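Read off the chains here:
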Amino acid sequence: MTAQLNPFRNAFRVPAKQRINWFPGHMTKGMKQIQQKLRNVDCIVEIHDARIPLAGRNSQFFDTITGSGVKPHILVLNKVDLLGPKKQKSVLQQLRQQQPELKNILFTNCKDQRNHGVLDILPLATRLVNESSRFNRTQTTENNVMIIGVPNVGKSSIINVLRNVHLKKKSAARVGAEAGITRAVGERIKIQENPPVYMIDTPGILQPSIKDDEMGMKLALVGCLPDHIVGEDLIADYLLYWLNTHRKYAYVEKLHLSAPSDNISAVLAEYAQREELFHKVKQYDGRVEIMTNLLAAARKFIHFFRTGQLGSINLDEPSGLR
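Residue indices begin from 1 for each chain and proceed along its sequence in written order. Where local features are concerned, this predicted model is filtered to residues with pLDDT of at least 70; where side-chain atom pairs are given and counted, the filter is 80 or more; whole-chain, interface and lining totals use all residues. Think of the side-chain values as coming from all heavy atoms in the structure, minus any hydrogens and water.

## Considering the overall build of the chain
Convention followed: Helix and strand assignments follow DSSP, with helices taken as H or I runs no shorter than four residues and strands as E runs no shorter than two, numbered in order from the N terminus. Each accessible area is a Shrake-Rupley result for a 1.4 Å probe, and residues are judged covered by the shown protein chains and nothing else.
On a plain count of helices and strands, the chain comes out with 11 helices and eight strands. Carbon and sulfur atoms make up 48% of the accessible area of the chain, which amounts to about 15700 Å² in all.

This is the structure in structure tokens:
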């Protein structure tokens, strides 16, 4: 598949009125609660989406919560099934170039309880705690592990999987497909008997101000922000922009298009027509017209990405057209 003759956009602009900023009150409260519990935490496990290994990782977590390396820190890149095994090596290189002090990185798929990355979390955390200076907690045999990260990356799901694997017990942490399900720092959840290991679930916390438009759009595209905050039409437009600038044209066949395009309205209209996605729209004069449902088409396009139907994608990989 070759690209169209007209050049694609080489930059993505978010309309000024749609600046991306979502830091509800529960995030401020959650950050304070996390800091209050740190004294009794032995290890920090940061969960992030493997499709955005660099974008959106809250710098406050490492500087404030992990104490710039004072407490053992594991970075878990979840949803690796959507990244693909071939991209893991380049992701590791990206991370270690940006954050050389980051030593402990695992790739996980919390939908698979036999996934090696998931099963490695507890042994690695236990080893790191045993090798660390626990200061006020040297006399206790139990380990407290705090789970942190941005919204909707699988923090609660990983806790539930580990609890099921190690204790054969049902889920204890609430999960959902939307950002913001966990809204407060939870009580300790027992994960393992010997040695006793407890995990503390926390609300997803973003940076208070998202100044980089592309970072905000990447967070929105993988679902770390509620879709309605950004708008499905804008998210779909960013997805189209990203795919074109990275020469990934699988969307053309998936959406049954005639050719690649840089015009999201035209793309959605053509797909909606082919799939017969229509809805009734009442006009200002009272007449009702049957029109193509562009919003439904945008949601389908986003869904194809989020379920891996457009291929394995690392949204932080360099563009081929810049």
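## Comments concerning the UniProt feature "binding site: GTP" (unreviewed entry) in the chain
As a reminder of what qualifies: UniProt positions are given in the numbering used here, feature names are shortened, and annotations may be inferred rather than shown by experiment. Residues count as neighbours in contact if any of their non-hydrogen atoms are within 4.5 Å of one another. Residue burial is assigned from relative accessible area. The probe radius is 1.4 Å, only protein chains are included, and a residue is buried under 20% of its type maximum, exposed over 50%, and partly exposed in between.
Annotation from UniProt places "binding site: GTP" (unreviewed entry) at Asn-78, Lys-79, Val-80, Asp-81, Asn-152, Val-153, Gly-154, Lys-155, Ser-156, Ser-157 and Gly-204. Following the sequence through the fold, Val-153 ends up in the loop between strand 4 (143-149) and helix 5 (155-167). Apart from residues lying up to four places away in sequence, Val-153 is in contact with Ile-47, His-48, Asp-49, Asn-78, Lys-79 and Cys-224. Along the chain, Gly-154 falls in the loop between strand 4 and helix 5. Exposure remark for Gly-154: the relative accessible area of 14% places this residue in the buried category. Contact partners of Gly-154, with chain neighbours within four places excluded, come to Ile-47 and Asn-78.

## A closer look at the pairing of strand 8 (residues 288-292)
Applied cut-off: Paired strands, as defined in this entry, are two strands with at least two bridges between them according to DSSP.
Pairing of strand 7 (residues 278-282) with strand 8 involves five bridges; the strand directions are antiparallel. The residue bridging His-279 from the neighbouring strand is Met-291, located in strand 8. Linking strand 7 back to strand 8 in an antiparallel pair, the connection comprises five residues, with Gly-286 at a positive phi of about 95 degrees.

## Observations regarding the pattern of salt bridges
Heads up, the condition is: One speaks of a salt bridge when a side-chain nitrogen belonging to Lys or Arg is within 4 Å of a carboxyl oxygen belonging to Asp or Glu.
Inspection of every chain in the model, using the stated rule, returns 16 salt bridges. Residue Lys-87 pairs with Glu-317 through a salt bridge whose shortest N-O separation is 3.3 Å. In this pair, Lys-87 is assigned in the loop between strand 2 (73-78) and helix 3 (88-98) and Glu-317 in the segment after helix 11 (294-306), connecting sequence segments 230 residues apart. In this structure, Glu-193 and Lys-190 form a salt bridge, with 2.9 Å as the shortest nitrogen-oxygen distance. Accessibility expressed as a relative area gives 47% for Glu-193, which makes it partly exposed. Taking relative accessible area as the criterion, Lys-190 reaches 25% and is therefore assigned partly exposed. Overlapping salt bridges, with partners in common, bring together Arg-9, Asp-237 and Asp-262 in one network.

## Quick word on the packing of aromatic side chains
Let me state the cut-off plainly: Between the rings of Phe, Tyr and Trp (Trp by its six-membered ring), a pair exists once the centres lie within 6.5 Å; its type follows the angle of the planes, with under 30 degrees stacked, over 60 edge-to-face, and the other angles tilted. Here, a charge over a ring means that NZ of Lys or CZ of Arg falls within 6 Å of the ring centre while also lying within 35 degrees of the ring normal.
A full pass over the atoms with the stated rule returns six aromatic pairs. Look at Phe-12 and Tyr-238: their rings are 5.1 Å apart centre to centre, the planes differ by 85 degrees, and that puts the pair in the edge-to-face class. Taken together, the residues span a long stretch of sequence, with Phe-12 in the segment before helix 1 (25-37) and Tyr-238 in helix 8 (residues 232-245) at a distance of 226 residues. What makes Tyr-238 buried here is its relative accessible area of 0%. With centroids separated by 5.7 Å and ring planes inclined at 45 degrees, the aromatic side chains of Tyr-238 and Tyr-241 adopt a geometry described as tilted. With a gap of three residues between them, Tyr-238 and Tyr-241 both fall in helix 8, about one helical turn apart. The structure contains a cluster of three or more aromatic residues connected by ring pairs, namely Phe-12, Tyr-238 and Tyr-241. A cation over an aromatic ring shows up here: Lys-254 above the ring of Phe-304, its NZ or CZ 4.9 Å from the ring centre.

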